[in-house]
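Examination of the molecular architecture
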2 protein chains.
Amino acid sequence: MRIGAIEAGGTKFICGIGNEEGEIQERVSFPTEHPEQTLSQVILYFRGRQADAIGIGSFGPIDVDVSSPRYGCITTTPKPGWAGFDFLGTMKRAFDVPFGWDTDVNAAAYGEAMWGAAKNLQSCVYFTIGTGIGTGVYVEGKRVHGLVHSEGGHILTRRHPEDDFQGCCIYHGDCLEGMAAGPAIEQRWGTKGSELPADHPAWAIEAFYIGQAVASTILLMSPEKVILGGGVMHQEQLFPLIHREVQRNLNGYVQHEAILSEIEQYIVAPGLGDNAGLCGALALGVDALKQRKG
Amino acid sequence: MRIGAIEAGGTKFICGIGNEEGEIQERVSFPTEHPEQTLSQVILYFRGRQADAIGIGSFGPIDVDVSSPRYGCITTTPKPGWAGFDFLGTMKRAFDVPFGWDTDVNAAAYGEAMWGAAKNLQSCVYFTIGTGIGTGVYVEGKRVHGLVHSEGGHILTRRHPEDDFQGCCIYHGDCLEGMAAGPAIEQRWGTKGSELPADHPAWAIEAFYIGQAVASTILLMSPEKVILGGGVMHQEQLFPLIHREVQRNLNGYVQHEAILSEIEQYIVAPGLGDNAGLCGALALGVDALKQRKG
Ligand SMILES: Nc1ncnc2c1ncn2[C@@H]1O[C@H](COP(=O)(O)OP(=O)(O)O)[C@@H](O)[C@H]1O
Ligand SMILES: Nc1ncnc2c1ncn2[C@@H]1O[C@H](COP(=O)(O)OP(=O)(O)O)[C@@H](O)[C@H]1O
Ligand SMILES: [Zn+2]
Ligand SMILES: [Zn+2]
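What you see is a predicted model, and the numbers here were worked out from it, not measured in a lab.

Time to look at the relation of the copies chain B and chain A. In screw terms, the move from chain B to chain A is a rotation of 180° and a rise of 0.0 Å along the axis, fitting with an RMSD of 0.0 Å. Taken together, the rotation and translation describe the operation of a two-fold axis. When C-alpha positions in chain B are compared against the rotation axis, the closest is assigned to Arg158(B), at 2.8 Å. When you check the interface residues of chain B against chain A, 100% turn up at the interface there too, and the contact is symmetric in its surfaces.

All names here are of chain A. Ligation of the zinc ion (ligand 3) by protein atoms is provided by His154 (ND1), Cys169 (SG), His172 (ND1) and Cys175 (SG), these donors lying 2.1 to 2.3 Å from the ion. Considering all four donor atoms around the zinc ion (ligand 3), angles at the metal cover 102 to 121° and the coordination shape is tetrahedral. Each donor residue of the zinc ion (ligand 3) belongs to the same chain, and together they define the spacing H-x14-C-x2-H-x2-C. Placement of His154 in the loop between β8 (142-143) and α4 (176-180) and of Cys175 in the loop between β8 and α4 is noted, with a sequence separation of 21 residues between them. Residue Cys175 is classed as buried on the basis of its relative accessible area of 0%.

The next subject is the sheet that holds strand β7 (residues 133-139) of chain B. Residues and elements named next belong to chain B. Strand order across the open sheet formed by five strands is β8-β7-β6-β9-β10, with mixed pairing between neighbours. Here the strands that pair on one side only, and so sit at the sheet edges, are β8 (142-143) and β10 (267-268). One ladder, built from six bridges, connects strand β6 (residues 124-129) with β7; its direction is antiparallel. For Phe127, the partnering residue across the bridge sits in β7 and is Thr135.

Our next topic: the site of ligand 1. All names here are of chain A. Neighbouring residues of ligand 1: Thr11, Gly130, Thr131, Gly182, Pro183, Gly193, Ser194, Gly230, Gly231, Val232, His234 and Gln235. Between an oxygen atom of ligand 1 and a main-chain N or O atom of Gly231, the distance comes to 2.8 Å. Within the complex, 67% of the 560 Å² of free accessible area of ligand 1 lies under protein. Split by residue class, the shell around ligand 1 holds two nonpolar, ten polar and no charged.

Residues and elements named next belong to chain B. Near ligand 2 you find Thr11, Gly130, Thr131, Gly182, Pro183, Gly193, Ser194, Gly230, Gly231, Val232, His234 and Gln235, and these make up its full shell. Separating an oxygen atom of ligand 2 from a side-chain N or O atom of Thr131 is a distance of 2.6 Å. Between ligand 2 and Gly231 there is a distance of 2.8 Å, counted from an oxygen atom to a backbone nitrogen or oxygen. For ligand 2, the protein covers 67% of the area, taking 560 Å² as the surface of the free molecule. Across the shell around ligand 2, the residue classes break down as two nonpolar, ten polar and no charged.

What counts and how
Residues numbered from 1 in each chain as written. Chains lettered and ligands numbered in written order. Predicted model: local features only at pLDDT ≥ 70, side-chain atom pairs only at ≥ 80, totals over all residues. Heavy atoms only, no water. Least-squares fit on C-alpha atoms with pLDDT ≥ 70 in both. Contact = heavy atoms within 4.5 Å. Donors = N, O, S within 2.8 Å, 3.2 Å for Na, K, Ca; no water. Tetrahedral: all angles 85-135°; square planar, octahedral: opposite > 155°, others 65-115°. Helix = DSSP H or I, 4+ residues; strand = E, 2+ residues; numbered from the N terminus. Buried < 20%, exposed > 50% of the residue type's maximum accessible area, 1.4 Å probe, protein only. Pairing = 2+ DSSP bridges. Near = heavy atom within 4 Å. Polar contact = N/O pair within 3.5 Å; in protein donor to acceptor, adjacent residues only side chain to side chain. Areas by Shrake-Rupley, 256 points an atom, 1.4 Å probe, with all protein chains shown as cover. Nonpolar A, V, L, I, M, F, W, Y, C, P; charged D, E, K, R; others polar.

The following block contains the structure:
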């Protein structure tokens, strides 16, 4: 079987072909432009590649409610041209194959549950900490939608006592994303995160915010694995800092070895590395094909 | 069919008999004492009542992991005698019927999803705000367990600017439960919540904390309904205050009518009233019987 996969990010699109084992056989990437241009490139890529199904993990917010007339559309993004764009419909008009459709972060969580750090588990939460902060939720063996879909990047956290950065979320100012996504780091310190040394005080503050969000996630949803991906998490020194912050916040309340003594294996980087999103889209495609087959 | 139901609370136990339509036909209640005494009363109640299955919604933390050797036990409660007590095992030795087993709050969420405010929905989150704060989670048509189970009462919230109460959670001080459960209200104001007038400033502060927790829940899990029960929520004036706090926290970010314009129908009291917990236990019993039958 040849399964198509699209990781549709706000910055760049990645398209690829893979198989049911989660192996990516080929891939291309191009910057995200206006939807017409971008989708033309996507369609061109898949033309002639004979995919039996295609999975799409998309930036959002998107409509994932199958009973909604806007199912498959991007909803309210500030990205020019994309708000209201019928992404899935455009693809379906071009290719008569089964399609999978979910958020980029739900896809990443699903990819990790199929083939990555949460393999053989029934639940995981995936945080991507990059230009924004997004959350993907996989629970009791299912990707979670509900009213809309998870948007955990915008929860409110307590302020670090030494941090006077005002926050940069256009909706909430100092929500998690406003305090801890890549642009917040850059604005707080006047330097891109990638250029700050590993022992810079930025990372303790960063871990303080992420640690709170992860602790709240554990308390509310009790996932079997927490996966932290995205550009900012390339700073590997963040992991032990976050482990300590989560333990400090929970303070022994959740009596489970995964938190008390094995937290290094509980809050982890994506097992699929930077392929989590594309593999997740692939998993959506595999699913779509299975469902079509009955 | 005669289905037994046990709502096992830390303060009192309620036992009853009902049917598959969620109707409770009879019930009794007694204070929670040492486990041996309490379970004797439970067993005495069900003896001769010919239940075809029994559902238990229990205070906790409890072990709900079917693969664990301690499945069916209460785990780490400070309640004398109950830590480690094999609740489910004791019941199984007394009655050879199928048993359902979950937390009291997951049971309440499930009861609401079967027969109450979340009927016909695939997800809801139930908060009980009483002596403690507990959360029950039902997502994609399933009760959520995961690593342990939801314990959302202990998430950290921001402090209300006019509140200098230190908080009374023995684990976290000023976590949600430490700031907003019944005992916190009583300690902050020197008067039981039930005796404070409806226009007392206590309620704006209470709504401030609950509103934050509900907003975080919406952002992380996107439930189709949020249900607020427990003794403190008998203060009905809290609902409109909480609606406004949630809208203020989300600030238009979650673009859905349920939040923007129909929040009175989205964040609601239990449809089953104070029967949510017992009906939920009944639903667990109904489930257990169905599963036994295949
Ligand atoms: N090695 C790094 N260290 C710290 N921050 C980084 C690093 N790499 C990328 N970032 C930040 O992460 C953000 C980009 O995140 P990324 O996950 O790569 O893409 P996107 O979120 O746009 O899909 C930028 O704000 C960038 O400054
Ligand atoms: N009408 C009321 N108004 C405010 N607080 C109340 C009210 N009724 C009960 N409470 C508070 O709720 C707590 C008891 O919660 P409840 O849900 O009845 O039981 P429990 O949590 O022990 O199962 C107590 O702290 C009590 O002060
Ligand atoms: Zn925000
Ligand atoms: Zn606490």
